[in-house]
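# Chains, contacts and geometry: an overview
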Number of protein chains: 2
Amino acid sequence: MVSIVLIGAGNVATQLYKAFSKANGIVVKQWYGRHLDSIASYRNEVAVTDDISQLVTADVYIISVSDDAISTVSEQLPFNDRLVVHTSGSVGIHDLNMKNRRGVFYPLQTFNKASEMSFVDVPICIEALQKEDEDLLKSLANTLGSKSYKLNTTQRRVLHLAAVYVNNFTNQLYRVAHEITESEGVDFEILKPLILETASKIQHMSPYMAQTGPAKRNDKKTIKKHLKMLENEHHKAIYELMTSSIQKTHGR
Amino acid sequence: MVSIVLIGAGNVATQLYKAFSKANGIVVKQWYGRHLDSIASYRNEVAVTDDISQLVTADVYIISVSDDAISTVSEQLPFNDRLVVHTSGSVGIHDLNMKNRRGVFYPLQTFNKASEMSFVDVPICIEALQKEDEDLLKSLANTLGSKSYKLNTTQRRVLHLAAVYVNNFTNQLYRVAHEITESEGVDFEILKPLILETASKIQHMSPYMAQTGPAKRNDKKTIKKHLKMLENEHHKAIYELMTSSIQKTHGR
């Protein structure tokens, strides 16, 4: 049985709590939140506290707070030589205070507090300074049903950066498409199956191989027509940059 | 029973043939291809021809050839006053020769010849100059299990343009993320669940509501860190433009 103390009350912490509390072989011994009211509704299931000096003994302490606060919180922990991990994509392992054994347990997904999510589809990136800690974090991920990947701090930061492209920037392309269709009274609904198919396609094919369309074909006539149709300068700038990016990739 | 003559041998024509030949209430009476060898393998199931003067009588003629050839092919048809439709997103209904009744039957998806696809997830955009032709095209779409949408030529062109954003440009963001992860030896595989979740999320939420991340939060520190990490000028330009696009949308 692996015992955990959870530190933090945000989306990731809440999703981790829900997953851990259902998993076999894991017990959440205590949940710390700076403001007790954010986790008070769980007090019948788990010991909650807002007093960091009262943390109980556990195998792993998971700090799931905002990036800026990780270092300070790790410093405030009232003990030494225990395993303390954070859950951030962009914070280094050495930003954790060195009085404890350090590690990272970074689940890569978009989380929101409300909807419960399955960790089966959440890859967990693991880093630790000692082999036995790494093994423990790996088994923790396995218990949740997650695939785990060993990444160092640089790799995790690069992954976090790449995630901005496939998540935030992709979503903004959806938004631009929404604006474009709406401008002519076209139902954005029509694009939804294509959006899903585009994401599904690269699950078993590289993005390079999956590419199609006017930029890839170097179909200058269609590209010119499209640019003429675009009245919004911002939409046009995205069209031009992404087209030139595709042409660069495909040697046009 | 609706009878069809299919004109063209590309991906869309082939997918349409496969779907029509399995659907109840539809019969493909003939399939025309400029080069017989591309459709010769179907000659045991359907009458094939490469002689446009030999087209048989049918309720609908579906021209599924390259955009540039649609007008010419429609002109070469050896009959008048029949229903002739094309399957292109960017060609106007009036580009079809006016000696026949004209229409459009535009399936919005990414097609490839090899894998058979279900039309249940393919919205079909319909246009016709006469009400009864429109009804026939609508029932044709229904028979395939597709949702149909009535769009005029301008709307269809705008949809086709928006599709470039959610399909080609989104796929290029996946490609850039692939390049970024590979540069540090990070497995692109880790991003795949996030890619799928990003596309799934907007099936029931607007892209505006679905947005998250440093640009939306106006988290200048993270944005600055990311830009510093990006060595490739092209990747950097995309980061800057998409970040400013998100900030514009969300009033930052």
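Scope of this entry: the structure provided in the associated data block. (Residues numbered from 1 in each chain as written. Chains lettered and ligands numbered in written order. Predicted model: local features only at pLDDT ≥ 70, side-chain atom pairs only at ≥ 80, totals over all residues. Heavy atoms only, no water.)

## A few points about the overall build of chain A
When its secondary structure is counted, chain A shows nine helices and eight strands. By the compact-globule yardstick of 18 Å for 252 residues, chain A is too spread out, its C-alpha radius of gyration being 23 Å. Taken along the three principal axes of its C-alpha coordinates, chain A extends 70 × 35 × 30 Å. Out of the 252 residues in chain A, the part that is buried amounts to 57%. Restricting the contact set of chain A to residue pairs at least 6 apart, pairs at least 24 apart contribute 53%. Carbon and sulfur atoms provide 47% of the accessible area of chain A, an area that totals close to 10900 Å². For chain A, the distance from the average site of its 29 positive side-chain charges to the average site of its 27 negative ones is 8 Å. (Helix = DSSP H or I, 4+ residues; strand = E, 2+ residues; numbered from the N terminus. Rg over C-alpha atoms; globule rule 2.2 N^0.38 Å. Buried < 20%, exposed > 50% of the residue type's maximum accessible area, 1.4 Å probe, protein only. Contact = heavy atoms within 4.5 Å. Areas by Shrake-Rupley, 256 points an atom, 1.4 Å probe, with all protein chains shown as cover. Lys, Arg positive; Asp, Glu negative; His and termini not counted. Charge placed at Lys NZ, Arg CZ, Asp CG, Glu CD.)

## Considering the interface of chain A and chain B
Opposite the 86 residues of chain A that make contact, chain B presents 86 residues. Both faces combined, the contact of chain A with chain B buries some 8200 Å², and carbon together with sulfur accounts for 70% of it. In this assembly, chain A and chain B are joined by two salt bridges. Between chain A and chain B we count 28 residue pairs in polar contact (both at pLDDT 80 or more) in total. Looking at the side of chain A that touches chain B, the elements that each hand over two or more residues are α4 (153-183), α5 (192-201), α6 (207-210), α8 (220-229) and α9 (233-249) of chain A. Broken down by element, the side of chain A that touches chain B gets its largest block of residues, 27 residues, from α4 of chain A. Grouping the constituent residues of the side of chain A that touches chain B by class yields 41 nonpolar, 30 polar and 15 charged. (Buried area = accessible area lost by both parts, 1.4 Å probe. Salt bridge = Lys/Arg side-chain N within 4 Å of Asp/Glu carboxyl O. Polar contact = N/O pair within 3.5 Å; in protein donor to acceptor, adjacent residues only side chain to side chain. Nonpolar A, V, L, I, M, F, W, Y, C, P; charged D, E, K, R; others polar.)

## Looking at the relation of the copies chain A and chain B
For the pair chain A and chain B, the superposition axis carries a translation of 0.0 Å, the fit reaches an RMSD of 0.0 Å, and the rotation angle comes to 180°. Expressed as an axis order, the relation between the two copies is that of a two-fold axis. The C-alpha atom lying nearest the rotation axis in chain A is that of threonine 170 of chain A; the distance is 2.8 Å. When the interface residues of chain A are mapped onto chain B, 100% of them again lie at the interface, so the same face is used by both copies. (Least-squares fit on C-alpha atoms with pLDDT ≥ 70 in both.)

## Points about the packing of aromatic side chains
Counting across every chain of the model gives 16 aromatic pairs over all chains. Between tryptophan 31 of chain A and tyrosine 42 of chain A, the aromatic rings sit 5.0 Å apart at their centres with planes inclined by 50°, giving tilted as the arrangement. Of the two residues, tryptophan 31 of chain A is situated in strand β2 (residues 26-32) and tyrosine 42 of chain A in the loop between β2 and β3 (47-49); the sequence distance between them amounts to eleven residues. Overall, tryptophan 31 of chain A belongs to the buried group, its relative accessible area being 0%. Ring geometry for tyrosine 61 of chain B and phenylalanine 79 of chain B: centres 4.3 Å apart, planes at 35°, overall tilted. Placement of the pair is tyrosine 61 of chain B in strand β4 (residues 60-63) and phenylalanine 79 of chain B in the loop between α2 (67-76) and β5 (83-86), with a sequence separation of 18 residues. Residue tyrosine 61 of chain B shares its accessibility class with phenylalanine 79 of chain B, and that shared class is buried. Put simply, the rings of Tyr17, Trp31 and Tyr42 of chain A touch in pairs and so form one group of aromatic residues. (Phe/Tyr/Trp six-rings, centres within 6.5 Å; stacked < 30°, edge-to-face > 60°.)

## Some thoughts on the packing of α4 of chain A against helix α4 (residues 153-183) of chain B
Where α4 of chain A meets α4 of chain B, the axes come as close as 9 Å, and the angle between the chain directions of the two elements is 175°. Judged on the interaxial angle alone, α4 of chain B and α4 of chain A are roughly antiparallel. Among the residues making up the contact of α4 of chain A with α4 of chain B, the classes are represented as 24 nonpolar, four polar and no charged. (Axes fitted to C-alpha atoms, helices over the stretch in contact; angles between N-to-C directions. Parallel < 35°, antiparallel > 145°, perpendicular 65-115°, else oblique.)

## Things to note about the pairing of strand β1 (residues 2-7) of chain A
Residues and elements named next belong to chain A. Burial within β1 is extensive, with six of its six residues counted as buried. Because side chains alternate across β1, one face comprises the buried residues Val2, Ile4 and Leu6, and the other comprises Ser3, Val5 and Ile7, equally buried. In this structure, β1 lies alongside β2, joined through six bridges in parallel fashion. In the strand pairing of β2, valine 5 is matched with glutamine 30. Each parallel crossover has a hand, and for β1 linked through helix α1 (residues 11-22) to β2 it is right-handed. Bridge count between β1 and strand β4 (residues 60-63): four bridges; the pairing is parallel. When the sheet's bridge partners are listed, leucine 6 is paired in β4 with isoleucine 62. (Pairing = 2+ DSSP bridges. Right-handed = clockwise from strand over helix to strand, strands pointing away.)

## Topic: the pairing of strand β2 (residues 26-32) of chain B
Residues and elements named next belong to chain B. Most of β2 is tucked away: five of the seven residues are buried. Sheet topology places β2 next to strand β3 (residues 47-49); three bridges connect them, and they run parallel. Within β3, the residue paired with tyrosine 32 across the bridge is threonine 49.

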